[in-house]
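Per-entry structural report
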Amino acid sequence: MRRQNLAVVLGSVAAHSPLSRADVAGRTGLTRAAVSSLVDELIGRGALSEAETAPSGRVGRPGRALTVSDRGPAGLGLEIGVTHLGACVVDLRGEPRVWRRVERANAGRPVERVLAETAALAAEVEAEAAALGLQVAGRVLAVPGVVPNEPRGLVAHAPNLGWHAVCPADHWPDPAGAPEPENEANLGALAEYWHAEHAGETFVHVSAEAGIGAALVVGGHLFRGARGFAGELGHIPVHPDGVPCACGARGCLEQYAGEVAVLREAGLAHEAGLAQDGDAQPADPVALLAERAVAGDAPALHALERAGRALGLALVSAVNLIDPDGLVLGGAYAELADWLLPAMRAELATRVTVRPWEPQALRSSELGRRGPVLGAAQLTVRRIIADPTLLPAG
Ligand SMILES: [Zn+2]
């Protein structure tokens, strides 16, 4: 009961701050005495701070304003991408305070080396956060792979990194402080849900780095599927007799809208450094595609239009199957939205006919490539807001 009331009080301040203790009592229906005791505990746990200023221009003696602390507990998000490492620290107010992104060719490199570098980046970023008065209370790692529901802590398969059955804690310098892995598309979708005002309660979030990831938020909750494999949009067939896919099937979406497929079709495979391996600094293929498209390069425009049609076709099934409020184009795809969205919208308009569908229900994410690492950092913060007893008592 007390745990629940702590969450009610913290949630109320998080949503409406600054509030006085009396305001919190008014909003939550708890007695002033109960609120005071709960607020004291939340201050002791570092979740709330109270300043000696009036929250509004009220007459009478000045109140003390409660706000969610911007020092103290924080969430660390980490990301291992095919061509980069990322890190982000978010305070309890949900504000990103430290950002870091380093280009790094991670595909096919030894797992222990990639994780050692990620741990070193985490240590650097945590030191930077500590200088701002922030202590990391939880670590989540975004990976471009399948993270099953059971056992937790395992990356079952990350084909674009060359990972099979990797448990990050086995390679972390301090296993007790190892980050919890989660699929990057899932984290991107959660970040969108928490960040965007008009995300809706039920939507499909499609993103791409090397592979295509999709995630479903249904009724405000991430839908992980029976085993955690939901959202494998990349292997939905868009041409039943199409080109063979690495998964063993034919005509998968990834073969038309995946990064490698688009770059090949655009004639940019060589320039984008697809032939490179090892530690060579990779070019940014998405920036390269966007640059060519802006310049009106015909093969690039054709490749993006073909990818947009394939994505639209795949999403028709999703729309008819789950009846979402909307569809969000996130990750690196968001930077190509100008060229992908028209073909996607045309495909959806032609094929979604038995139910209402507005072209604007498909939009691009403002978070873009920052989504997964931001979602990873926010996950800890959201867990603390929902259960402040996760923080040590002061
Ligand atoms: Zn496939």
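Nothing here was measured: the structure is a model prediction, and the numbers come from that model. (Residues numbered from 1 in each chain as written. Predicted model: local features only at pLDDT ≥ 70, side-chain atom pairs only at ≥ 80, totals over all residues.)

Our next topic: the overall build of the protein. The helix and strand tally for the protein stands at 11 helices and 14 strands. For 394 residues, the compact-globule estimate of 2.2 N^0.38 gives 21 Å, and the C-alpha radius of gyration of the protein, at 23 Å, lies within 12% of that figure. Expressed as lengths along the three principal axes of its C-alpha atoms, the size of the protein is roughly 70 × 50 × 40 Å. Counting over 394 residues, the protein shows a buried share of 45%. (Helix = DSSP H or I, 4+ residues; strand = E, 2+ residues; numbered from the N terminus. Rg over C-alpha atoms; globule rule 2.2 N^0.38 Å. Buried ≥ 20, exposed ≤ 12 C-beta atoms within 10 Å, placed from the backbone.)

Residue P18 is reached from S17 by a cis peptide bond, and omega for that bond is 5°. When you line up the elements, P18 lands in the loop between α1 (2–16) and α2 (21–28). Along the chain, E150 connects to P151 via a cis peptide bond; the corresponding omega equals -10°. Considering the arrangement of structural elements, one finds P151 in the loop between β6 (134–143) and β7 (155–158). The phi angle at D323 is positive, at roughly 55°, despite the residue not being glycine. Taking the C-beta count within 10 Å as the criterion, D323 has 11 such neighbours and is therefore assigned exposed.

To continue, consider the environment of L38. By the element assignment, L38 lies in helix α3 (residues 32–44). Of the residues examined, L38 has 23 C-beta atoms within 10 Å and is grouped as buried. Counting along the chain gives 17 residues from L38 to R21, while the straight-line C-alpha distance between them is 10.0 Å. For L38, the contacting residues outside a window of four places in its chain are N5, L6 and V9. (Contact = placed C-beta atoms within 7 Å.)

Within the largest apolar cluster, 114 residues are counted, with the highest numbers of intra-cluster contacts made by V89, L253, L311 and L340. Residue contributions to this core peak at 10 residues, all from helix α9 (residues 298–322). If sequence neighbours within four positions are ignored, V89 has contacts with A74, L76, R97, V98, V125, A129, L134, V136 and A377. (Core = buried A, V, L, I, M, F, W, Y, C linked by C-beta atoms within 7 Å.)

Moving on, we get to the domain arrangement of the protein. Per the domain assignment, the segments of the protein are domain 1 (2–68), domain 2 (72–188 + 372–390) and domain 3 (197–365). Of the residues lining the interface, 11 residues belong to domain 1; the matching set on domain 2 comes to 10 residues. At six residues, α1 tops the list of elements feeding residues into the side of domain 1 that touches domain 2. In terms of residue class, the side of domain 1 that touches domain 2 is made up of seven nonpolar, two polar and two charged. (Domains from an automatic or database assignment. Nonpolar A, V, L, I, M, F, W, Y, C, P; charged D, E, K, R; others polar.)

Attention now moves to the sheet that holds strand β3 (residues 72–80). Taking strand neighbours across the sheet as the criterion, the five strands line up as β5-β4-β3-β6-β9 in an open arrangement whose pairing is mixed. Two strands bound the open sheet, and with one partner strand each, they are β5 (96–103) and β9 (180–183). On average, adjacent strands in this sheet sit at an angle of 20° to one another, irrespective of strand direction. Here β3 runs beside β6; their pairing, made up of eight bridges, is parallel. Note on β6: the bridge partner recorded for E79 is A142. Helix α11 (residues 371–386) contacts β3, β4 (84–91), β5, β6 and β9 of the sheet and is inclined by roughly 150° relative to β3. (Pairing = 2+ DSSP bridges. Axes fitted to C-alpha atoms, helices over the stretch in contact; angles between N-to-C directions.)

Close contact between α1 and α3 brings their axes to 10 Å; oriented N to C, the two are set at 80°. Taken as axis vectors, α1 and α3 run roughly perpendicular relative to one another. Contacts between α1 and α3 involve N5, L6, V9 and L10 from the former and A34, V35, L38, V39, E41 and L42 from the latter. Here the contact of α1 with α3 is built from residues that sort into eight nonpolar, one polar and one charged. (Parallel < 35°, antiparallel > 145°, perpendicular 65-115°, else oblique.)

Where helix α5 (residues 184–195) meets α11, the closest approach of the two axes is 7 Å, and the angle between their N-to-C directions is 70°. By the angle between their axes, α5 is roughly perpendicular relative to α11. Two packed elements cross with a definite hand, and for α5 against α11 that hand is left-handed. Judged by residue contacts, E184, L187, G188, L190, A191, E192 and W194 of α5 engage G371, P372, L374, G375, A376, Q378, L379 and R382 from α11. (Left-handed = near helix turned anticlockwise from the far one by under 90°.)

Before going further, it helps to spend a moment on α1. The end-to-end C-alpha distance of α1, which contains 15 residues, comes to 21 Å, matching closely the 21 Å that a straight helix rising 1.5 Å per residue would cover. For α1, the elements touching its buried residues are α2, α3, β1 (48–51), β2 (65–68) and α11. (Expected span 1.5 Å × (residues − 1).)

With that out of the way, let us pick up the sheet that holds strand β11 (residues 212–218). Here five strands make up an open sheet; going across it, the order is β12-β11-β10-β13-β14 and the pairing mixed. Of all strands in the sheet, those bounded by a partner on one side alone are β12 (221–223) and β14 (362–364). The sheet shows a mean angle of 30° between the axes of neighbouring strands, direction not considered. Helix α10 (residues 337–351) contacts β13 (326–329) and β14 of the sheet and is inclined by roughly 170° relative to β14.

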